[in-house]
Amino acid sequence: MYWDEREETVEQARLQETQMEGLRETLRRAQGSSYYRDLFKDRRLQIDDIRKLADIEMLPLTTKDDLREHWPWGFVAVAREELIRMHSSSGTTGRATVIFHTANDIKAWTHLVARSMYMTGMRRGDVFQNMMTYGLFTGGLGFHYGAEEIGALVIPAGAGNSKRQIQLICDFGTTFIHIIPSYALYLSTVFDEMHVDPRKDTKLKAAFIGAEPHSEKMRRTIEDLYGFKAYNSYGLSEMNGPGVAFECPCQNGLHIWEDQFLVEIIDPLTGKPLADGQEGELVMTTLKREGMPLIRYRTKDLTRIIPGPCDCGRTHRRIERIKGRTDDMMIIKGVNIFPIQIEKRLMEIPGVGTNFLVLLDREGYDDYMNVQVEVKREFFTGDLKQLEKLRRRIVEELKSDILITPRVDLVAPDSLPKTEGKAVRVIDNRKD
Amino acid sequence: MIANQLSIFAENKPGRLAAVTKILAKEKINIRATTISTSDTFGVINLLVDDPKRAMAVLTKAGMMVSLREVLAVLIEDKPGGLDRLTQLVAKENINVNNAYGFVLESSEKAIFVVEVDQTKKTEALLEKHGFRTLDTEALSAIEPFHYMKY
């Protein structure tokens, strides 16, 4: 039932002692990085000032912008030779943030992923098909290593190529899959086309769904279509990737692994800590990481701690499924996209006017992005071909940056709502 | 002679054409002919009107994206082979027609064929050389499209 019973069911009091030790260790290690060394010096912070977990409030928050500004080595706390792996966030904004791992970091991460998967019932002998992109994105290798640790047979299928995915599931008796929820919905239509019933014609037992926000209803739909359990997986590359928080068989919140992460929920506006049960921004501190310790990292994800113990017996607290973001990042088909990326690209294209609007929609089981772009008045000569050419160029340019193919509509100048103050350039119509 | 055609950008949805004609009606601008070309979600409304400059001003004032384009309004005979004579000539000279539309002036007598080509000036000279008459905006405004009395 437990991958590591002692760690997973440790009493909260004991867990907090471990966390305090981990925190002190992280603070000590962090001084190895130029960023935290300078920061601590500037703020005259002494490790000894942190005597209890609540003292963490005295420490400054770390943001993604800090990671970007001190890219690539500013946060590395060990000798360069100690690093054996790098990963990068799935976002594609100009300079991606990179995270480095030592051999121990990879082991610790793998341990958490194995613990998470084991929790849902995966065992030695199971067949695990990983339908995530391998490479810089952590969802590929992270799950891969975790499943191997358990002793499952891993099929590193990677993303896409739907018919082959189904063929692999059938040929090798896949029992567990890791899949983006919107893709799971889409893939079910390919099952139909191939006249394969995932409920009867496969050995599938469960899916891990993550990398993009989804509702409870969407999860239930996936479960109905496939006839299996779908477990919500939460992670971010800054905190390794997958294996940060994971659903247990109770499917009521995600256990966030508190032996490796110190968890806070703060008010995103004031930065003040919030009590369990209150919704706010998830802030995390690594407790065991060597290569790149992060202190009070703002995830920009909104959630709350679910108060009270879980029926599964694990003592690590649970977070609720992610409610949204504190910034304007959107996630579509598992890709993180910021409106600023779209804006930057558009403004470089001659003929594009001042305003644009991004609409996210769901048609059937497919998510798509629709970008409405105002045409510059002077650009218009009455030639439809010229407009069509402009539209195609916008599609191509955006695709090369955000990696998904948007639908682009050209609209008349001044026809879109003006953006005053906070830019509201994204309308998310995806329900459930 | 070269005529001016009004081209108006419009999203491909209900009411866009009506918005244009409403303004022109109010301004008492007469429409001679019209075509619409559409892409997936947007299109261009092409209008031949009696006062293109004023039409452009009022439509632009209403926030529309408008452009004046040079077109050739060619007088042809309204009888079998009337248009063919023109198109054969243009084809022989390897001139590409990007857009074209026509309207009858006098049944079984005269019609106007409007063409948008790549090389307007060259085409105009060619047509004049072969005896075709092209009309400019003023000439187009002066003519009565139909001799209603005959009907």
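To be clear, the structure that these remarks concern was listed above.
What you see is a predicted model; the values in this text were computed from it and never measured.

Caption draft 1: The arrangement of the sheet that holds strand β21 (residues 426-428) of chain A in detail. All names here are of chain A. In space, the four strands of this open sheet follow the order β20-β19-β18-β21, with mixed pairing throughout. The sheet is open, and its two edges are formed by β20 (407-411) and β21, each paired on a single side. Here the strands of the sheet are splayed against their neighbours by 20° on average, with no regard to which way each runs. Bridging between strand β18 (residues 352-363) and strand β19 (residues 366-375) involves nine bridges; their strand directions are antiparallel. Across the sheet, residue valine 352 finds its bridge partner in β19, namely valine 375. This element, helix α11 (residues 384-402), spans β18, β19 and β20 of the sheet and lies at about 140° to β20.

Caption draft 2: Quick peek at unusual backbone geometry. Residues and elements named next belong to chain A. For the bond from tryptophan 71 to proline 72, the omega torsion is -5°, close enough to zero to count as cis. Secondary-structure assignment places proline 72 in the loop between α4 (64-69) and β1 (83-88). Residues other than glycine seldom take positive phi values, yet arginine 44 does so here, at roughly 55°. When you line up the elements, arginine 44 lands in the loop between α3 (34-43) and α4. Residue arginine 44 is classed as exposed on the basis of its relative accessible area, which comes to 71%. The backbone of arginine 296 shows a phi angle near 50°, a positive value even though the residue is not glycine. Position of arginine 296 relative to the elements: it lies in the loop between β11 (280-286) and β12 (297-303).

Caption draft 3: Structural view of the packing of aromatic side chains. Residue and element names in this part refer to chain A. One pass over the full model with this rule turns up 17 aromatic pairs over all chains. With centroids separated by 6.1 Å and ring planes inclined at 25°, the aromatic side chains of phenylalanine 128 and phenylalanine 143 adopt a geometry described as stacked. Taken together, the residues span a long stretch of sequence, with phenylalanine 128 in strand β3 (residues 127-130) and phenylalanine 143 in helix α6 (residues 138-150) at a distance of 15 residues. When sorted by exposure, phenylalanine 128 lands in the same class as phenylalanine 143, which is buried. Arranged with centres 6.2 Å apart and planes meeting at 50°, the rings of phenylalanine 143 and phenylalanine 246 form a pair that is tilted. In this pair, phenylalanine 143 sits in helix α6 while phenylalanine 246 sits in strand β8 (residues 241-247), placing the two residues 103 residues apart along the sequence. The exposure class assigned to phenylalanine 246 is buried, which follows from its relative accessible area of 1%. By way of ring pairs, the aromatic residues Phe128, Phe143, Phe176, Phe208 and Phe246 are connected into one cluster. A cation over a ring is seen here: arginine 85 above tyrosine 145, with NZ or CZ 4.7 Å from the ring centre. Its guanidinium or amino end placed over the ring of tyrosine 118, arginine 123 lies 3.6 Å from that ring's centre, counting from NZ or CZ.

Caption draft 4: Seen up close, the packing of helix α1 (residues 16-26) of chain B against helix α2 (residues 52-61) of chain B. Residue and element names in this part refer to chain B. Remark: α1 packs on α2, axes separated minimally by 10 Å, with the N-to-C direction vectors making an angle of 125°. As far as their axial angle goes, α2 and α1 are oblique. For the pair α1 and α2, the sense of crossing is right-handed. In this structure, α1 uses Val20, Ile23 and Leu24 to contact α2, whose residues at the interface are Ala55, Val58 and Leu59.

Caption draft 5: Molecular detail of the pairing of β3(A). All names here are of chain A. Alternating positions in β3 separate into two faces, Val127 and Gln129 on one and Phe128 and Asn130 on the other, with burial throughout. In this structure, β3 lies alongside strand β4 (residues 153-155), joined through three bridges in parallel fashion. In the strand pairing of β4, glutamine 129 is matched with isoleucine 155. The handedness of the β3 to β4 crossover, carried by α6, is right-handed.

Procedures and definitions
Residues numbered from 1 in each chain as written. Chains lettered and ligands numbered in written order. Predicted model: local features only at pLDDT ≥ 70, side-chain atom pairs only at ≥ 80, totals over all residues. Heavy atoms only, no water. Pairing = 2+ DSSP bridges. Helix = DSSP H or I, 4+ residues; strand = E, 2+ residues; numbered from the N terminus. Axes fitted to C-alpha atoms, helices over the stretch in contact; angles between N-to-C directions. Contact = heavy atoms within 4.5 Å. Buried < 20%, exposed > 50% of the residue type's maximum accessible area, 1.4 Å probe, protein only. Phe/Tyr/Trp six-rings, centres within 6.5 Å; stacked < 30°, edge-to-face > 60°. Lys NZ or Arg CZ within 6 Å of the ring centre and 35° of its normal. Parallel < 35°, antiparallel > 145°, perpendicular 65-115°, else oblique. Left-handed = near helix turned anticlockwise from the far one by under 90°. Right-handed = clockwise from strand over helix to strand, strands pointing away.

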